[in-house]
Amino acid sequence: MSEVKLAAAVRTEFGKGAARAIRRASQVPAVVYGHGSEPAHVTLPAHELALALRTPNVLLSLDVDGKNELAIPKAVQRDAIKGFLVHVDLLLVKRGEKVTVEIPVQAEGELAAGGNLLEHVLNTLSIEAEATHIPEAVTVSVEGLEAGTSILAKDITLPKGSTLVTDADAVVLQVLAAQAEEPAAEAEATEGEEA
């Protein structure tokens with residue numbers, strides 16, 4: 001996992017009006033907290049932050065007043081309509097430290113013939129990994145799986161150095177048989193007989 005370097009400026013003004021002014025200046029208000037330190041209120045460049053957040057669990061290298069800090073996004077608030085960043089909470093991490101994060105589950109391969117459907121019961125897995133080696137996603141092969149097959153969390157091979165936090169017996173993916181619809185003419189005939 002690569003680090004994304006961002007310049008952070010400490011902010012001294014708070015409230016709705018100050019936050020709006022920060023966003024008009026193409027910045028995003030953020031709070032950096034963790035390791036027992038006082039929360040630091042900063043602003044980050046909006047465009048660079050938005051690009052960095054495209055990667056799940058991205059590791060951010062923040063330059064705050066000449067001091068370099070590592071952080072991962074903990075909560076990201078976006079505008080409901082336009083989608084721009086409104087506020088970000090960042091959690092401080094250290095190299096070698098283990099953190100618990102959610103990683104996306106991706107399925108690859110073709111199911112067995114017969115029109116089966118793949119249901120994603122869980123879209124993410126909770127894992128514990130070193131802060132500087134957080135995997136972007138975990139890929140599961142569903143090649144040739146038949147209807148009625150389930151893949152549990154414990155069946156998924158995690159990247160080296162990661163441990164599962166999600167319940168091991170939780171169903172992550174399951175294959176469902178396609179349901180054939182009853183033809184409309186037969187359905188009407190059956191309803192007429194019942195009446």
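Predicted, not measured: the structure shown is a model, and the values here were computed from it.

Colleague: I'd like to hear about the environment of A9, residue by residue, with values.
Modeller: Within the secondary structure layout, A9 lies in strand β1 (residues 3-10). Classification of A9 as partly exposed rests on a relative accessible area of 36%. Filtering out sequence-adjacent residues up to four positions away, A9 remains in contact with H41, V42 and T43.

Colleague: How would you explain the sheet that holds strand β13 (residues 171-176) if you had to name every residue and give the values?
Modeller: Spatially, three strands are ordered β8-β13-β11 in an open sheet, and the strand pairing comes out antiparallel. Across the chains shown, the open sheet's two edge strands, defined by having one partner strand only, are β8 (117-120) and β11 (150-152). Sheet twist, expressed as the average angle between the axes of neighbouring strands with direction ignored, equals 15°. By the bridge criterion, four bridges tie β8 to β13 in an arrangement that is antiparallel. Residue pairing in the sheet places E119 in a bridge with Q174 of β13.

Colleague: Talk me through helix α1 (residues 16-24); I want residue IDs and the actual numbers.
Modeller: An α-helical turn contains 3.6 residues, so any two residues separated by three or four positions project in the same direction. Of the positions making up α1, those classed as buried are A18, A19 and I22. Down the axis of α1, the sector holding all buried residues measures 100°, keeping them to one side. Exposed positions of α1 whose direction lies more than 90 degrees from the buried face are K16 and R24. Tucked inside the fold, the buried residues of α1 contact β2 (27-34) and β3 (37-45). Note on α1: the residue one or two positions beyond its end, S26, has a positive phi of about 60°.

Criteria and thresholds
Residues numbered from 1 in each chain as written. Predicted model: local features only at pLDDT ≥ 70, side-chain atom pairs only at ≥ 80, totals over all residues. Heavy atoms only, no water. Helix = DSSP H or I, 4+ residues; strand = E, 2+ residues; numbered from the N terminus. Buried < 20%, exposed > 50% of the residue type's maximum accessible area, 1.4 Å probe, protein only. Contact = heavy atoms within 4.5 Å. Pairing = 2+ DSSP bridges. Axes fitted to C-alpha atoms, helices over the stretch in contact; angles between N-to-C directions. Arc of directions from axis to C-beta.

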